[in-house]
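Examination of the molecular architecture
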Amino acid sequence: GNGAVTTYICNNGITVKYGKELYEDRLHLSENIAGVQYESRESWFYSKEELYELDKEEACIREFIEELDAEEFLLCRDIEVQEGWQHMVDSEIYHLYFNGKDGTKVHLRLHENGYVRFQGLWDLCVKIPEESYAKLLTAFAQNEEASE
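Residues numbered from 1 in each chain as written. Predicted model: local features only at pLDDT ≥ 70, side-chain atom pairs only at ≥ 80, totals over all residues. Heavy atoms only, no water.

1. Focus: the packing of helix H3 (residues 59–70) against helix H4 (residues 130–147)
It is at 9 Å that the axes of H3 and H4 come closest, and there the two elements cross at 145°. Crossing hand, H3 versus H4: left-handed. For the pair formed by H3 and H4, the contact residues are Cys60, Ile61, Glu63, Phe64 and Glu67 on the first element and Ser132, Tyr133, Lys135, Leu136 and Ala139 on the second. By residue class, the composition of the contact of H3 with H4 is six nonpolar, one polar and three charged. (Axes fitted to C-alpha atoms, helices over the stretch in contact; angles between N-to-C directions. Helix = DSSP H or I, 4+ residues; strand = E, 2+ residues; numbered from the N terminus. Left-handed = near helix turned anticlockwise from the far one by under 90°. Contact = heavy atoms within 4.5 Å. Nonpolar A, V, L, I, M, F, W, Y, C, P; charged D, E, K, R; others polar.)

2. Focus: the sheet that holds strand E7 (residues 124–127)
Read across the sheet, seven strands follow the order E2-E1-E4-E5-E6-E7-E3 without closing on themselves; strand pairing throughout is antiparallel. The strands lining the two open edges of the sheet, one partner per strand, are strand E2 (52–54) and strand E3 (74–75). The pairing of E3 with E7 spans two bridges and is antiparallel. Across the sheet, Leu74 pairs through a bridge with Cys125, a residue of E7. Where H4 meets the sheet, its contacts fall on strand E1 (33–40), E2, strand E4 (92–100), strand E5 (105–111) and strand E6 (115–118), and the angle it forms with E2 comes to roughly 125°. (Pairing = 2+ DSSP bridges.)

3. Comments concerning the pairing of E6
Judged by which residues are buried, E6 turns out to be covered on both faces: Tyr115 and Arg117 on one side and Val116 and Phe118 on the other are all buried. One ladder, built from three bridges, connects E5 with E6; its direction is antiparallel. When the sheet's bridge partners are listed, Leu108 is paired in E6 with Phe118. Between the end of E5 and the start of E6, which pair antiparallel, lie three residues, with Asn113 showing a positive phi angle near 70°. Sheet analysis places E6 next to E7, joined by two bridges and oriented antiparallel. Looking at E7, one finds that Tyr115 is bridged to Lys127. (Buried < 20%, exposed > 50% of the residue type's maximum accessible area, 1.4 Å probe, protein only.)

4. What about the packing of aromatic side chains?
Two aromatic rings are characterised by how far apart their centres lie and by the angle between their planes. One pass over the full model with this rule turns up seven aromatic pairs. Look at Tyr38 and Tyr52: their rings are 5.4 Å apart centre to centre, the planes differ by 20°, and that puts the pair in the stacked class. Residue Tyr38 is found in strand E1, and its partner Tyr52 is found in strand E2; the two are separated by 14 residues along the sequence. Pairing Tyr94 with Phe140 gives two aromatic rings, centres 4.7 Å apart and planes at 70°, and the pair type is edge-to-face. A residue pair is termed long-range when its members are at least 10 positions apart, and Tyr94 in strand E4 and Phe140 in helix H4 qualify at 46 residues. Take Tyr94: its relative accessible area is 16%, and that puts it in the buried class. (Phe/Tyr/Trp six-rings, centres within 6.5 Å; stacked < 30°, edge-to-face > 60°.)

In structure tokens form, the structure reads like this:
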């Protein structure tokens with residue numbers, strides 16, 4: 001009714017080993033970016049819609065996508081969570097949105113320690129190397145400070 005399109009992944013019968021197989025081969029992420037936005041877990045959880053824009057050409061965005069494509073998928077159930085946490089979702093810190101030139105939106109959930117999950121593919125994640133992940137989180141912090 002409002003023109004919105006939602007992507008659902010039926011991972012029954014498909015096999016992906018590396019991020020590239022989902023993010024590039026199926027979603028064409030790196031060639032389709034019109035804009036990049038992010039919000040905190042709190043903003044997302046409470047539907048505050050406190051979205052921040054990032055320059056899609058920032059080096060940390062390109063580096064993040066390269067690492068996302070290069071890393072192997074891990075089963076989320078095999079990821080150890082901190083003491084006192086029940087599930088991996090407890091480690092969620094940001095939501096990252098890649099808005100496509102074709103109107104699609106790739107929604108990623110960012111977790112502590114570099115873990116990244118694609119919204120709609122709950123049982124798999126990739127782990128981004130600490131240095132690249134830290135650059136992205138630093139860009140978020142600097143962007144928020146500049147917006148205030």
